[in-house]
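The lines below spell out each chain.
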Amino acid sequence: MRIHNLVPIFCVGGAYALPTLSWLPQFPVEGLVRCWGIFAPLSEDRTIYQVLKDDERYSRLVKAINLSDEVTDLLDDPAASITFFAVPNTGIPHRQPSHGDDDNHQLDFASLAPKRGDEPDITYDLGHLVLQVEELDNIPESRTCRIIRAILAYHILPKKLDSTALVQNSTYATNLTLNDGSMDYQPLRLSVQSTIRDTEASNGVIHSINIPLLPPPSLFNEMFAFPEVFSYVTSAIQHVGLIGAVDYWRIPDKDCHISFVGAELATFFAPTSGAFQRLPKKLRLFLFSPFGARALRKLLEYHVVPQLVLHTDYVHNATSYTALIDDREAGVFVDSPGNPLYAYNLTLPTLLENHSLNVQVARYKAKIPLPGPARYFTRFVVNGHDVGPYDIPARNGALHVITNLLDPRGHHKEDHKHRGHEHESVDVDWEDWEEWLPQWAMQD
């Protein structure tokens with residue numbers, strides 16, 4: 001972030017005046033503007049690349065940028081209008097590689113894909129990559145360079161968005177598109193949840209961030225990384241053999257060619273471990289027993305929207321789905337204050353045949369007068385249940401967190417007795433499960 005050096009000023013009757021200085025008439029006007037940027041900030045005449053190159057705080061990032069002519073040319077293009085998320089040196093720690101690191105094995109472009117087993121994943125150690133860049137010379141098209149280029153592409157948005165504009169949406173398409181079919185060959189997205197500092201450049205804006213933005217893993221791997229939240233659902237997915245519906249991974253064939261298996265595109269409403277714990281105890285035991293495996297699989301399929309990515313501000317389907325939007329009108333949620341910026345209902349086909357989800361989304365501008373850019377919030381509901389956190393980008397789709405297991409009958413009971421204490425109560429939607437679930441599970 002560019003800091004302007006301010007000289008003393010005097011306040012007279014609410015107006016600011018420059019102090020009387022003998023050298024003032026001879027001082028260049030441009031110099032005045034640059035010194036006293038508070039009065040009329042001069043438009044930055046350097047490109048994003050030049051701003052970063054001139055700032056020692058980003059020296060390690062610039063070394064990585066210099067490895068890719070493509071990235072360098074874009075960041076230094078005066079005709080561009082882009083957004084770049086820049087990580088200072090403090091966010092790229094200098095780490096010596098540990099003994100036993102096998103760079104030849106790690107540095108493969110396909111390592112941006114989720115893997116199986118205990119293979120090291122270099123994409124989650126940008127510091128290690130930059131360290132190799134510092135130690136090696138004349139490696140313009142090494143595998144390290146290709147991986148760094150992909151990571152840097154994930155830090156670029158193809159349009160200029162300052163902090164005020166950035167918070168108007170929840171997700172944005174980046175400059176990173178993978179050629180393995182992930183996201184139906186659409187750009188990977190990132191999620192923005194708060195304001196970020198701006199540094200203007202002639203061809204866009206720089207936002208300084210504390211840590212690198214790393215391309216996200218698959219839906220399954222994202223959940224697997226947080227066992228305290230998703231241990232029940234990841235165990236359930238593995239238990240019933242449904243990994244291929246939410247995961248996407250690479251496998252080598254006998255000729256060492258790489259192919260990919262699993263779900264190229266999907267949206268998953270992920271129940272937390274608390275959602276499973278709130279089920280009646282007898283139901284939990286049934287679902288994870290051999291007798292309940294079929295019911296558990298069908299319930300999980302009901303939480304998967306295949307071949308479609310849904311964020312609250314973005315929808316892309318890879319099939320011939322039609323009439324997804326039932327209505328798009330203000331005031332869908334009449335109990336919320338003010339009119340929404342946008343609101344819509346969606347009916348989403350699930351992996352469970354002949355069963356669909358009803359989604360309601362409304363985006364609002366906060367009315368509370370707070371300093372800084374405007375605040376926005378979204379209400380996201382699926383089958384009557386609030387969703388959140390939501391809009392978590394994945395390599396192969398979108399992840400939304402829910403605290404209730406969704407009832408495939410499509411209805412939701414209000415628990416007035418335990419409202420506000422859901423983490424302590426039994427989910428009332430499932431109190432009558434013995435009357436219908438075992439029979440339903442056996443139906444084709």
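Each value, and the rule that gives it
- One numbering rule holds for all chains: residues counted from 1, following each sequence as written.
- Residue-level local features of this predicted model are given only where pLDDT is at least 70; pairs of side-chain atoms are given and counted only at 80 or more, and the full residue set underlies all totals for whole chains, interfaces and linings.
- Heavy atoms from the whole structure form the basis of all side-chain values; hydrogens and water molecules are not counted.
- Think of it this way: DSSP has to see at least two bridges between two strands before they count as a pair.
- Each helix corresponds to a stretch of at least 4 residues labelled H or I by DSSP, and each strand to a stretch of at least 2 residues labelled E; elements are numbered beginning at the N terminus.
- Between N-to-C directions, angles cover 0 to 180 degrees, with each direction set by a line fitted to C-alpha atoms, over the stretch in contact for helices.
- Note on contacts: a residue pair qualifies if any of its non-hydrogen atoms lie within 4.5 Å across the two residues.
- Residues are called lining when one of their atoms sits within 4 Å of a cavity or pocket point, these points coming from a 1 Å grid over the protein atoms alone, where a cavity is a set in which a 1.4 Å probe fits but cannot get out and a pocket is an open set with protein on both sides within 12 Å along at least five of seven lines.
- Grid points are joined across faces, edges and corners, and a volume is the space filled by probe spheres set on the points.
- The classification used treats Ala, Val, Leu, Ile, Met, Phe, Trp, Tyr, Cys and Pro as nonpolar, Asp, Glu, Lys and Arg as charged, and all other residues, Gly among them, as polar.
- Accessibility here uses a 1.4 Å probe with only protein chains present; expressed as a share of the type maximum, an area under 20% marks a residue as buried, one over 50% as exposed, and anything in between as partly exposed.
- Counting of polar contacts relies on pairs of N or O atoms within 3.5 Å, with two restrictions inside protein: one atom must be capable of donating a hydrogen and the other of accepting it, and residues adjacent in sequence are counted only when both atoms are side-chain atoms.
- Here, the term nonpolar core denotes a set of buried Ala, Val, Leu, Ile, Met, Phe, Trp, Tyr and Cys residues that are joined through side-chain atoms within 4.5 Å.

Where an unreviewed UniProt entry is consulted, the protein chain appears under the name FAS1 domain-containing protein, with the organism given as Suillus fuscotomentosus.

Chemist: When you look at the sheet that holds strand S11 (residues 266-271) in this model, what are you seeing that I'm missing?
Modeler: The strands making up a sheet associate through hydrogen bonds between their backbones, and the pairing can be parallel or antiparallel. Strand order across the open sheet formed by 4 strands is S12-S11-S21-S20, with mixed pairing between neighbours. Sheet topology places strand S12 (304-306) and strand S20 (392-394) at the edges, where each strand pairs with a single neighbour. Strand-to-strand twist across the sheet, computed as the mean angle between neighbouring axes with direction ignored, equals 20°. In terms of strand pairing, S11 meets strand S21 (residues 397-402) through 6 bridges, oriented parallel. If you follow Thr267 over to S21, its bridge partner there is Ala398. Here helix H10 (residues 227-239) sits on the sheet and contacts S11 and S21; the angle it forms with S11, its principal contact strand, is near 125°.

Chemist: Even after reading the chapter, I still don't get the layout of surface pockets, so can you show me in this structure?
Modeler: A water-sized probe, rolled over the atoms, reveals where empty space remains. As a volume, the largest pocket reaches approximately 780 Å³. Lining the largest pocket are 27 residues, with Tyr154, Ser191, Leu213, Ile392 and Pro393 positioned closest to its centre. Looking at the lining of the largest pocket, the elements that each hand over two or more residues are strand S6 (189-191), S20 and S21. Each residue belonging to the lining of the largest pocket can be placed in one class, and the counts come to 22 nonpolar, 3 polar and 2 charged.

Chemist: Please explain unusual backbone geometry as it appears in this structure.
Modeler: Only a minority of non-glycine residues have a phi that is not negative, and only a minority of peptide bonds are not trans. Note that the residue after Gly388, namely Pro389, is joined by a cis bond; omega there is -5°. The topology assignment puts Pro389 in the loop between strand S19 (385-386) and S20. Located in the positive-phi region is Met183, a residue other than glycine, with phi close to 60°. Summarising the element assignment, Met183 is placed in the loop between strand S5 (171-173) and S6. Residue Gln307 is not a glycine yet carries a positive backbone phi of 55°. When its relative accessible area of 29% is taken as the criterion, Gln307 is described as partly exposed.

Chemist: I'm lost on the sheet that holds strand S8 (residues 204-208) in this one. Help?
Modeler: Taken in spatial order, the 4 strands line up as S4-S3-S8-S7 in an open sheet, and their pairing is mixed. On the outer flanks of this sheet lie strand S4 (156-157) and strand S7 (198-201), each paired with one strand and no other. In terms of strand pairing, strand S3 (residues 82-86) meets S8 through 5 bridges, oriented parallel. Note on S8: the bridge partner recorded for Phe85 is His207.

Chemist: Whenever I open this one, the pairing of strand S9 (residues 248-252) confuses me. Can you help?
Modeler: A regular strand places its side chains on the two faces of the sheet in alternate fashion. Direction of pairing for S9 relative to strand S10 (residues 258-262): antiparallel, over a ladder of 5 bridges. Looking at the pairing, Tyr248 lines up with Gly262 of S10. As consecutive antiparallel partners, S9 and S10 are separated by 5 residues, and within that stretch Cys256 has a phi angle of approximately 65°, a positive value.

Chemist: Before we go on, may I ask you to explain helix H13 (residues 293-301) in this structure?
Modeler: Residues three or four positions apart in an α-helix share a direction because the helix packs 3.6 residues into each turn. Within the span of H13, buried status applies to Ala295, Leu296, Lys298, Leu299, Leu300 and Glu301. Next to the buried residues of H13 lie H10, S11, helix H11 (273-277), helix H12 (281-287), S12 and helix H14 (437-442).

Chemist: Please clarify how the pairing of strand S13 (residues 308-311) should be interpreted in this entry.
Modeler: Side chains of S13 alternate between two faces, with Leu308 and Leu310 and Val309 and His311 buried alike. The antiparallel pairing of S13 with strand S14 (residues 314-317) creates a hairpin that spans 2 residues between the two strands.

Chemist: Honestly, the side chain of Asn203 in this entry has me stumped. Any pointers?
Modeler: Mapped onto the secondary structure, Asn203 falls in the loop between S7 and S8. In this structure the side chain of Asn203 is engaged in a polar contact, spanning 2.9 Å, whose partner is the backbone oxygen of Leu75. Beyond its immediate sequence surroundings of up to four residues, Asn203 is in contact with Thr47, Ile48, Leu74, Leu75, Asp76, Asp77, Pro78, Ala80, Ser81 and Ile82.

Chemist: Looking at this model, I keep getting lost on the nonpolar core. Mind explaining?
Modeler: Note that soluble globular proteins tend to have their nonpolar side chains buried in a common cluster. One finds Ile237, Phe268, Phe269, Leu287, Val359, Trp430 and Leu437 to be the most contacted residues of the largest nonpolar core, which totals 56 residues. Within the second largest apolar cluster, 44 residues are counted, among which are Val71, Phe85, Leu166 and Leu188.

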